[in-house]
Amino acid sequence: MDFGRLSDLRYVNFRLPPDHPETAGVLARALPAQPAPPRVYVGCPIWTNKAWLGSYFPAGIKDADYLHHYARQFNSIELNTTHYRIPDATTVRKWRDAVPAAFRFCPKFPQIISHDRALYNADDLTTSFCRAIEGLGQNLGHAFLQLPPTFGPEHLPRLERYLLDFPDYVPLAVELRHPGWFSDHELLAAVSAMLEALGKTLVVSDVAGRRDVLHMRLTSPVAFIRLNGHGLVASDFQRADDWANRLASWLEAGLHTAYVFIHQKDIMHSPVWAQHFLGRLHALTGMGVQPPRIIPQPVQGSLF
């Protein structure tokens with residue numbers, strides 16, 4: 001994820017801001033219906049990570065087996081492949097059959113809907129996309145609609161109309177990037193209230209160059225967090241600790257589900273960050289989400 005990425009981090013304050021004032025109310029209203037236990041999903045943007053061969057993946061596996069082994073290391077994925085094409089039923093069935101029942105796919109909206117058409121005249125495409133990912137069954141997490149930086153507040157009526165018509169059977173998170181959504185507090189309040197009323201989740205992004213998108217405004221009992229790492233520098237681990245602390249407080253207050261997606265330029269760094277984050281979260285909450293781990297590899301020529 002190149003959005004908000006900086007090469008010089010010296011002047012970035014990575015501390016998480018306080019919760020938005022409306023977040024406490026969202027969680028308090030969600031608490032009576034909180035599942036036991038609540039769910040935490042952690043993942044990466046892709047599963048075809050050849051660099052993991054011989055460490056997090058068995059050496060020598062076929063490309064077709066990558067998803068199977070990825071799903072034994074992480075319990076979710078930010079499914080970016082759907083941004084470029086709507087998958088056919090055979091592909092979706094193969095994805096579903098490759099993962100355990102507890103695994104969740106979070107498909108990214110096709111760019112023809114979100115970017116090329118900017119939600120305009122996209123009803124048929126949206127129906128096709130939603131019917132396709134419905135085939136994931138119980139493995140479907142939240143789809144996420146990433147709107148481009150050009151999709152500004154002047155399009156709020158179009159966004160509302162689109163979401164009013166959006167199929168209820170697909171859980172949805174919405175990512176806003178235009179700075180105008182966040183520079184005007186009344187506007188952020190308006191779009192957040194609209195998403196809350198419609199039961200949609202507002203994505204929280206933690207990136208170095210756009211601290212405004214770290215708004216900490218939950219609009220549903222679901223936290224959908226996208227985070228850029230920077231090669232396991234000290235701030236990466238501090239942010240992992242801070243997010244574990246924040247999610248622990250949200251879970252205690254009533255959060256139902258959290259999705260945390262880590263983006264590192266070197267994919268070898270993502271499992272290490274996840275190990276640290278999940279270890280801290282377990283220490284705070286007792287939640288036993290299995291962290292990624294290096295797996296034993298067979299020794300060539302060994303009899304034992």
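Note that the structure is predicted; figures quoted are calculated from it, not measured.

Trainee: Explain the overall build of the protein to me, using residue names and the numbers behind them.
Mentor: A count of helical and extended segments in the protein gives 10 helices and 9 strands. Relative to its length of 304 residues, the protein is compact, with a C-alpha radius of gyration of 19 Å against a globular reference of 19 Å. Over its C-alpha atoms, taken along the principal directions, the protein stretches across nearly 70 × 45 × 45 Å. Out of the 304 residues in the protein, the part that is buried amounts to 52%. Pairs at least 24 residues apart make up 79% of the contacts formed inside the protein by residues separated by at least 6 positions. Accessible surface, the protein as shown: approximately 13,800 Å² in total, 54% of it carbon and sulfur. Positive and negative charge centroids in the protein, built from 29 and 28 side chains respectively, lie 6 Å apart.

Trainee: How would you sum up the sheet that holds strand 5 (residues 172-175)? Please name residues and give values.
Mentor: Pairing in this open sheet of 3 strands is parallel, and the strands run 4-5-6 from one edge to the other. Two strands in the sheet have a free side with no partner beyond their single neighbour: strand 4 (143-146) and strand 6 (201-202). Bridging between strand 5 and strand 6 involves 2 bridges; their strand directions are parallel. Of the residues in strand 6, the one forming a bridge with A173 is T201.

Trainee: Which residues make up helix 6 (residues 156-164), and what are the values?
Mentor: For helix 6, the full list of buried residues reads L156, L159, Y162 and L163. Each buried residue of helix 6 sits inside an arc of 125 degrees when the element is viewed along its axis, so together they form one side. For helix 6, the elements touching its buried residues are helix 4 (111-116), helix 5 (123-134), strand 4, strand 5, helix 7 (180-183) and helix 8 (185-198).

Trainee: Mind laying out the packing of aromatic side chains, listing which residues take part and the relevant values?
Mentor: On inspection of all chains with the given rule, the structure shows 20 aromatic pairs. Between F144 and F224, the aromatic rings sit 5.3 Å apart at their centres with planes inclined by 40 degrees, giving tilted as the arrangement. One end of the pair, F144, is in strand 4; the other, F224, is in strand 8 (residues 222-228), with 80 residues separating them in the sequence. F144 gets classed as buried once you look at its relative accessible area, which sits at 0%. Three or more aromatic residues joined by ring pairs form one cluster here, namely W47, W52, Y56, F57, Y66, Y70, F74, W95, F103 and F105. In this structure, R177 packs its charged tip against the face of F3, placed 4.0 Å from the ring centre.

Trainee: Before we move on, can you summarise the sheet that holds strand 3 (residues 104-107) with the specific residues and values?
Mentor: Strand pairing in a sheet is mediated by backbone hydrogen bonds. Such pairs are either parallel or antiparallel. Taken together, 6 strands build an open sheet; the order of strands is 3-2-1-9-8-7 and the sheet is parallel. Either end of the sheet is taken by a strand with one partner, and the two such strands are strand 3 and strand 7 (204-206). Each strand axis lies, on average, 25 degrees off the axis of its neighbour in the sheet, ignoring direction. Bridging between strand 8 and strand 9 (residues 257-263) involves 7 bridges; their strand directions are parallel. Residue pairing across strands places V222 opposite T257, the latter belonging to strand 9. Contacts between helix 9 (residues 234-253) and the sheet are confined to strand 1 (39-44), strand 7, strand 8 and strand 9, with strand 8 contributing the most and set at about 175 degrees to the helix.

Rules behind the numbers
Residues numbered from 1 in each chain as written. Predicted model: local features only at pLDDT ≥ 70, side-chain atom pairs only at ≥ 80, totals over all residues. Heavy atoms only, no water. Helix = DSSP H or I, 4+ residues; strand = E, 2+ residues; numbered from the N terminus. Rg over C-alpha atoms; globule rule 2.2 N^0.38 Å. Buried < 20%, exposed > 50% of the residue type's maximum accessible area, 1.4 Å probe, protein only. Contact = heavy atoms within 4.5 Å. Areas by Shrake-Rupley, 256 points an atom, 1.4 Å probe, with all protein chains shown as cover. Lys, Arg positive; Asp, Glu negative; His and termini not counted. Charge placed at Lys NZ, Arg CZ, Asp CG, Glu CD. Pairing = 2+ DSSP bridges. Arc of directions from axis to C-beta. Phe/Tyr/Trp six-rings, centres within 6.5 Å; stacked < 30°, edge-to-face > 60°. Lys NZ or Arg CZ within 6 Å of the ring centre and 35° of its normal. Axes fitted to C-alpha atoms, helices over the stretch in contact; angles between N-to-C directions.

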